[in-house]
Amino acid sequence: MSRTRSVAGSAFAANRRSVLAATAAVTLSAGVGYALRPTDSRAATNTTGTAAEGAPVAQGRRAPAGPLTPYTRGTTLASVATPRTSSGFRRLGNGPGWKRRVRGELAAPKTGRAGRRTTLAAFVQLTDLHLIDAQHPMRLEYMRATDIHAWRPHEALTVHGAVSLVERVNALRGAPVTGAPLHFAMTTGDNTDNNARTELEWFLTVMSGGRITPNSGDPRHYEGVQNSGLKQYWQPDTTVRDTDKQLGFPHLEGFLAAAVRELNSPGLNLPWYSTVGNHDSLPLGCYGLGDTWLAEYAIGGRKLMSLPASEAKKLQDAIRNGKDPMGTAFRDLLKAHARDMRSVTPDEKRAPYTSADYLKAHLDPAYRGVGPVGHGYSSANVDAGTQYYSFRIADDVIGISLDTTDPGGHYNGSIGTAQLKWLDKTLRDNRDAYAVVFSHHTSTSMTNTRPDPARPGERRHDGQELIAVLGSHANVLAWVNGHIHRNAITPHSAPDGRSFWEISTASHVDYPQLARVIELVDNKDGTLSLFTTCIESSAPHQTDFTDLTQTGLAALYRELSCNAPGAQTNLGGESKDRNTELLLKKG
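The rules we used
- Residues numbered from 1 in each chain as written.
- Predicted model: local features only at pLDDT ≥ 70, side-chain atom pairs only at ≥ 80, totals over all residues.
- Heavy atoms only, no water.
- Salt bridge = Lys/Arg side-chain N within 4 Å of Asp/Glu carboxyl O.
- Helix = DSSP H or I, 4+ residues; strand = E, 2+ residues; numbered from the N terminus.
- Buried < 20%, exposed > 50% of the residue type's maximum accessible area, 1.4 Å probe, protein only.
- 1 Å grid on protein atoms, 1.4 Å probe; cavity = no way out; pocket = protein on both sides within 12 Å on 5 of 7 lines; lining within 4 Å.
- Points joined across faces, edges and corners; volume = space filled by probe spheres on them.
- Nonpolar A, V, L, I, M, F, W, Y, C, P; charged D, E, K, R; others polar.
- Phe/Tyr/Trp six-rings, centres within 6.5 Å; stacked < 30°, edge-to-face > 60°.
- Lys NZ or Arg CZ within 6 Å of the ring centre and 35° of its normal.
- Contact = heavy atoms within 4.5 Å.
- Expected span 1.5 Å × (residues − 1).
- Pairing = 2+ DSSP bridges.
- Axes fitted to C-alpha atoms, helices over the stretch in contact; angles between N-to-C directions.
- Parallel < 35°, antiparallel > 145°, perpendicular 65-115°, else oblique.
- pLDDT = per-residue confidence, 0-100.
- Left-handed = near helix turned anticlockwise from the far one by under 90°.

**Digging into the pattern of salt bridges**
For the structure shown, the criterion picks out 28 salt bridges. E581 is the partner of R113 in a salt bridge, and the nearest nitrogen-oxygen pair spans 2.8 Å. Taken together, the residues span a long stretch of sequence, with R113 in helix α1 (residues 113–116) and E581 in strand β24 (residues 580–585) at a distance of 468 residues. Given a relative accessible area of 14%, R113 falls into the buried group. You can call E581 buried: its relative accessible area is 4%. Residues participating in the shared-partner salt-bridge network are R139, R152, E155, D193 and D510.

**Focus: the layout of surface pockets**
In this structure, the largest pocket spans a volume of roughly 1100 Å³. If one sorts the elements of the lining of the largest pocket by residue count, helix α7 (residues 309–320) sits on top with 3 residues. Here the residues of the lining of the largest pocket sort into 10 nonpolar, 11 polar and 10 charged. Approximately 600 Å³ is the volume attributed to the second largest pocket. Along its surface, the second largest pocket is lined by 28 residues, and S355, G385, P407, D452 and R455 are the ones closest to its centre. Mapped onto the lining of the second largest pocket, the elements with two or more residues apiece are α9 (355–363), α10 (379–384) and α11 (417–429). Broken down by element, the residue count for the lining of the second largest pocket peaks at 3 residues, all from α9. When its residues are assigned to classes, the lining of the second largest pocket shows 12 nonpolar, 10 polar and 6 charged.

**Looking at the packing of aromatic side chains**
Counted by the stated rule, this structure contains 20 aromatic pairs. A ring pair is formed by F184 and F391, whose centres lie 5.4 Å apart and whose planes are at 85 degrees; its orientation type is edge-to-face. Separated by 207 residues along the polypeptide, F184 in strand β8 (residues 184–188) and F391 in strand β14 (residues 389–394) bring together distant segments of the chain. On the basis of relative accessible area, F184 is assigned to the buried category, the value being 2%. By way of ring pairs, the aromatic residues F123, F184, Y273, Y353, Y358, Y377, Y389, F391 and F438 are connected into one cluster. Just above the ring of F545 sits the side chain of R91; from NZ or CZ to the centre is 3.9 Å. Directly above the aromatic system of W98 lies the positively charged group of R578, at a separation of 4.2 Å from the ring centroid.

**Notes on the environment of G210**
Here G210 lies in strand β9 (residues 210–212). Here G210 is in contact with T205, L263, N264 and S265, once residues within four sequence places are set aside.

**Overview of helix α2 (residues 158–171)**
Turn by turn, an α-helix covers 3.6 residues, leaving residues three or four places apart pointing in a common direction. With 14 residues, α2 should cover 20 Å at 1.5 Å per step; its first-to-last C-alpha distance of 20 Å lies within 8% of that length. Counted residue by residue, α2 has 12 buried out of 14 residues, so it is predominantly covered. Among the residues making up α2, those that are buried are T158, V159, H160, G161, A162, V163, S164, L165, V166, R168, V169 and N170.

**Some points on the sheet that holds strand β6 (residues 101–103)**
Taken together, 7 strands build an open sheet; the order of strands is β6-β24-β23-β22-β7-β8-β11 and the sheet is mixed. Looking at the sheet topology across the chains shown, the edges are occupied by β6 and β11 (272–275). Each strand of the sheet is rotated relative to its neighbour by a mean of 20 degrees, with strand direction disregarded. One ladder, built from 8 bridges, connects strand β22 (residues 515–522) with strand β23 (residues 527–535); its direction is antiparallel.

**Considering the packing of α2 against helix α13 (residues 550–563)**
Where α2 meets α13, the closest approach of the two axes is 8 Å, and the angle between their N-to-C directions is 100 degrees. One element, α2, and the other, α13, form an angle in the roughly perpendicular class. Facing T158, H160, G161, V163, S164 and E167 of α2, the residues of α13 in contact are Q550, L553, A554 and Y557. Broken down by class, the residue content of the contact of α2 with α13 amounts to 4 nonpolar, 5 polar and 1 charged.

**Quick word on the confidence of the model for the chain**
Per-residue pLDDT for the chain has a mean of 90; in total, 89% of the residues score no lower than 70. Every residue in residues 1–59 scores below 50 in pLDDT, and together they form 168 contacts with partners more than four places removed in sequence or on other chains.

**Structural notes on the environment of P271**
Assignment of secondary structure puts P271 in the loop between β10 (263–265) and β11. C-alpha of P271 to C-alpha of L182: the two residues are 89 residues apart in sequence and 9.4 Å apart in space.

**As for the sheet that holds strand β17 (residues 434–438)**
With respect to topology, 6 strands assemble into an open sheet ordered β14-β15-β17-β19-β21-β20, the strand pairing being mixed. Two strands in the sheet have a free side with no partner beyond their single neighbour: β14 and β20 (488–493). On average, each strand axis in the sheet is inclined to that of its neighbour by 20 degrees, with strand direction left out of account. Where strand β19 (residues 476–481) and strand β21 (residues 499–504) come together, 4 bridges link them in parallel fashion. From the neighbouring strand, A478 faces β21, where its bridge partner is W501. Here α11 sits on the sheet and contacts β14, β15 (397–401), β17 and β19; the angle it forms with β15, its principal contact strand, is near 175 degrees.

**Comments concerning the side chain of T75**
Topologically, T75 is positioned in the loop between β3 (57–58) and β4 (79–83). Not counting residues within four places of it along the chain, the set of residues in contact with T75 comprises L172, P176, T533, C534 and I535.

**Topic: α11**
With 13 residues, α11 extends 18 Å from end C-alpha to end C-alpha; this agrees with the ideal 18 Å at 1.5 Å per step. What α11 keeps buried is the set T417, A418, Q419, L420, W422, L423, T426 and L427.

**Digging into the packing of helix α6 (residues 292–299) against helix α8 (residues 328–336)**
The contact between α6 and α8 brings their axes to 10 Å, and the two run at 50 degrees. Classed by the angle they form, the pair α6 and α8 counts as oblique. In the packing of α6 onto α8, the handedness of the crossing is left-handed. Facing W293, L294 and Y297 of α6, the residues of α8 in contact are F330, R331, L334 and K335.

**Some remarks on the pairing of β17**
Of all 5 residues that make up β17, 5 are buried, and the element is covered over most of its length. Here β17 shows two buried faces, one formed by Y434, V436 and F438 and the other by A435 and V437. In the sheet, β15 pairs with β17 via 5 bridges, with the strands oriented parallel. Residue G399 lies in a different strand from β17, and its bridge partner there is V436. Alignment of β17 against β19, held across 4 bridges, turns out to be parallel. Looking at β19, one finds that F438 is bridged to V480.

Now the structure itself:
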C-alpha cells in the first residue's frame, strides 16, 4: 500500500454522536511520536503528517545505532514460569520457552521472507490488569460459597503485579523478531476491576509513574476478608486452618501489611494508549451506573463478607444471565443482609466514576507520563460522551480504539450504530493505510445488545456484525482484544479474499499472567506477517515466602494465581495462540 500522510479527520454530521468526537492522531518517525492535539471542541483534522503547532511531543523509542537485533530476553521465547510439582501447592520455576508457530490459514508462507522483510510497526498490548481495591465494600467475595474461584487469594497484589509488568516492558530493548524499537503500548480494557476511583488512580499511576499506596479505608491497616477469621478465605497472617491452607497455601506473617504498603512505579518509558472495558465502565463489571444506594454503599462503613451458598448461587446466576443489569436485585440482597455486615472504615475515594470522570482522569497532566496527552482521549471525547478514537501508529499504519462496553449492563459487550458507522468511515477514509483495531471484547463475547440508557433509540450490534464491517475493508490487518482472559488467535476471511486476524490475549490477573508484543512486517513478496510474542512480568519465576518486598510480592502474585482454587488451566492457550507468525495477503 502507498504511504499515507496522516489519519483523515471525520467531518461532523448533524448528530455529533454519530461521528468520532476526538481523533488522537499520532505520526511516528524513527520511533518518535508527535501527538496531534485537537481543539477542545472538535476532532483533530491535521492531515499534513506533522505535529500540530504547539502540540506536545510524546517521545517513543529511537532505533539504536547499527543493525537491529532481535531481542528475546525476558520473553516467553526464552523461558516461562512453570510449576515444579504437579500436586499440592505448586511452586514455580524457570521452564522452557514457547516456540514460535507459523500460521498460514490466510496466506501461504514463502521461503526467504526473513531476509526481505521490513518493519511497519511494533507495539505492546497489555490487557485485563484488573487493578483491585481488595477492601472495597462492593466486592463479591462471598460468592465463593458457591464458586470457589469467585474470590482469588492473590487479589491484594494486583498493583504489585502490574508494576512488575511495566518494568518488563521497559526492559525490552527491541522487538523479539525484528529488533525494531517499540512504538507504543495499548491497554485493551479492564484496567480497573470495580469502577472505583481508588483503582483508577492506581492504574494511571502504574502506567505513568509515581508512588502508590494500594490501600483504602483505614490507612493504618488492612480491613477485609483476609483478616476476617472466616475460613472460606485465605488468612495469610494467622495460623487459622482455612480452606486454602488446607490446600497448601502458606502462613505468611506480615503479608497484609506488606500488601498495603506504599510502592513505586517507574511508569512506562514509551507512549501508551488506553481502551475501555466493562470493569472500567460498570460497577463490578456488570451493573449499569445510576443506583444512588449502591453508590453510597461503595463509600460507606459496612461490608458483607459471607452469604449462604444458595443465595450466592442465585446472585451468580442473575449476573451470568443478565437478569439484573442495573443491580436492583443486588441492592435488595445487600439491604436484606444489613445485619450480617461488618464495620469497615468509610472512604469516599471508593466512589464509582462515570465515563466523563474516566476521560478527565486520563487528561489530567499528573498522569501524562511520556504521553501522549489523554492517552488517546481528548476533551472533545468529554464533550461528546464518547470513548473511541483513532491514532497514527506509523507512516503506513493507523490504530483504532473502540468502546465495546454496553452501558445498559452485563459483562458482555456490543457496539452502537453511531460508533459502527464512524469505524466504517474511518477505515474508508484511510484506505491507503493499514489498520489495527483495538477493543476490550472479543467477537464471541459481543452478544449483549441491550440498549444504551443514554441512547435508547440506537441499535446495538454484535460481534458478527463488527466482523462484517472489518472484513469489508482490505486495509484491516488485526483486531486486538482481551476480556476472555485466554490466549486465542482466530483467522477471519471474507468471500472476496479480504482477511484479518483476531488476536485475543490472556489477562494479567489470572495465571499465566501475560501481555503480548505485536510486530507488523512487509515480507516484500505479496504477503505481510504479524508476529505475536507473549511476555511475563519482570518478577522472578521462583518465589521466596520470606521476601515481602515489592519484587517479592510481584513474584508471589504470579505463584498464588497459579494455585488459585478453581482456576482454569487452559488460559495460556495452545501453541497456535501464543508465539506466532500470522500471514496475510497484501491488499
